[in-house]
Amino acid sequence: MPSTTAVDFEAQRPYLMAVAYRMLGNRSEAEDAVQEAWLRYAQHRDEIRDVRGWLTTVTARICLDQLNSARVRRAAYPGQWLPAYVVDPDADPADHAELADQVSVALLVVLERLTPEQRVAFVLHDAFGVPFDEVAEVLDTTPAAARQHASRARRAVAAGTIRHTAGLAEQRKVLTAFLSAAQSGDMRTLAAVLAPDVVTIGDGGGVVRTALNPVVGADKVARFWVGLLQNKLADLTEATVDPVLVNGSAAMLLRGIRADGERLLAVLTVAVDQGRITGLFNQQNPEKVLLGDL
């Protein structure tokens, strides 16, 4: 029979994973952070009165340390950085309610632009309602300073051009229309589904060739994807394109074999606002794509 300590911790694990993933943008790193929190909790259980509060603080501190370390690693990352993807089968409409609490790739991309302190303050307070005196304890600062970190993060998120407000059905419709138009070179349809300030970001991790810099603007993004789908991907054999979900958002999984025998695995997800795509996120780093039950 599991100990009371283990039972109490497991009751908090989903919550702690939600906190850690929003801070780190990587499920495996979030799992590591939560596991470290468990080890510390097991050592100090008899001293703890507020289990959730204590675990939230410890997990957030672990994540803050990881974020500070990650800044150095990501500064040397080849090309653009996107979160690691967990790719799941496309959902039935009846499952939409279960997707409501998922954090989108679009939001994670915006959060990546924050300082570690801003990200921790924003996630703890704005996403999970942690009071600023407790946020300050995590950040080893004053409540006023913690409030300022969250305020700056909030402004940065609100000012982001990657808006993602559409429901899953609209995301699917717009993404399908975009791919069809890009494959056929239909620039009129592309103009209709791309926001003027749309951005496309590709992550190859130095393993797969992708654009080293974001492509910004409807015309440039349209031409980039037409060229990619009509030329560079034209030699694929055994190619399949399947609708999937990434963090509860509509995405497409592309698999195939290139002429040189190299296998291709790419996952494209989108941010959609008012019927137009504001962000296209193409994950091709094989180390950052986890195929759920596919």
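No experiment lies behind these values; they were computed from the predicted model shown.

1. Comments concerning the pattern of salt bridges
According to the stated counting rule, one finds ten salt bridges in the structure shown. For Glu-112, the salt bridge goes to Arg-119, with nearest N and O atoms at 3.0 Å. Take Glu-112: its relative accessible area is 24%, and that puts it in the partly exposed class. Where Arg-223 meets Asp-219, a salt bridge forms, and the shortest distance between an N and an O atom there is 3.2 Å. Taken together, the positions of Arg-223 and Asp-219, both in helix α11 (residues 218-232) and four residues apart, correspond to about one turn of that helix. In this structure Arg-223 comes out as exposed when scored by relative accessible area, which is 54%. Linked through salt bridges whose partners overlap, the residues forming this network are Arg-163, Asp-197 and Asp-273.

2. As for helix α3 (residues 51-75)
Taking 1.5 Å per residue, 25 residues should reach 36 Å; α3 reaches 36 Å between its end C-alpha atoms and fits that length. The largest bend in α3 comes to about 25°, at Ser-69. Where α3 begins, one side-chain oxygen reaches toward the backbone nitrogen of Arg-52, 3.5 Å away; that side chain belongs to Asp-50.

3. Remarks on the pairing of strand β2 (residues 194-203)
Of all ten residues making up β2, eight are buried, and the element is well covered by its neighbours. Relative to strand β7 (residues 276-283), β2 is paired through six bridges, and the arrangement is parallel. The residue bridging Leu-194 from the neighbouring strand is Ile-277, located in β7. Two elements, β2 and strand β3 (residues 215-216), share two bridges in a ladder whose sense is antiparallel. By the bridge assignment for β3, Thr-200 is matched with Val-215.

4. A look at the packing of helix α6 (residues 116-127) against helix α7 (residues 132-139)
Contact pair α6 / α7: the axes reach a minimum separation of 10 Å and the direction vectors enclose 150°. Regarding the angle of α6 to α7, the classification is roughly antiparallel. When the axes of α6 and α7 are compared, the crossing they make is right-handed. Contacts between α6 and α7 pair Glu-117, Val-120, Ala-121, Leu-124 and His-125 from the former with Phe-132, Val-135, Val-138 and Leu-139 from the latter. Broken down by class, the residue content of the contact of α6 with α7 amounts to seven nonpolar, one polar and one charged.

What counts, and where the lines are drawn
Residues numbered from 1 in each chain as written. Predicted model: local features only at pLDDT ≥ 70, side-chain atom pairs only at ≥ 80, totals over all residues. Heavy atoms only, no water. Salt bridge = Lys/Arg side-chain N within 4 Å of Asp/Glu carboxyl O. Buried < 20%, exposed > 50% of the residue type's maximum accessible area, 1.4 Å probe, protein only. Helix = DSSP H or I, 4+ residues; strand = E, 2+ residues; numbered from the N terminus. Expected span 1.5 Å × (residues − 1). Bend = angle between axes of the 7 residues up to and from the residue. Polar contact = N/O pair within 3.5 Å; in protein donor to acceptor, adjacent residues only side chain to side chain. Pairing = 2+ DSSP bridges. Axes fitted to C-alpha atoms, helices over the stretch in contact; angles between N-to-C directions. Parallel < 35°, antiparallel > 145°, perpendicular 65-115°, else oblique. Left-handed = near helix turned anticlockwise from the far one by under 90°. Contact = heavy atoms within 4.5 Å. Nonpolar A, V, L, I, M, F, W, Y, C, P; charged D, E, K, R; others polar.

Any functional reading would require information that these geometric values do not contain.
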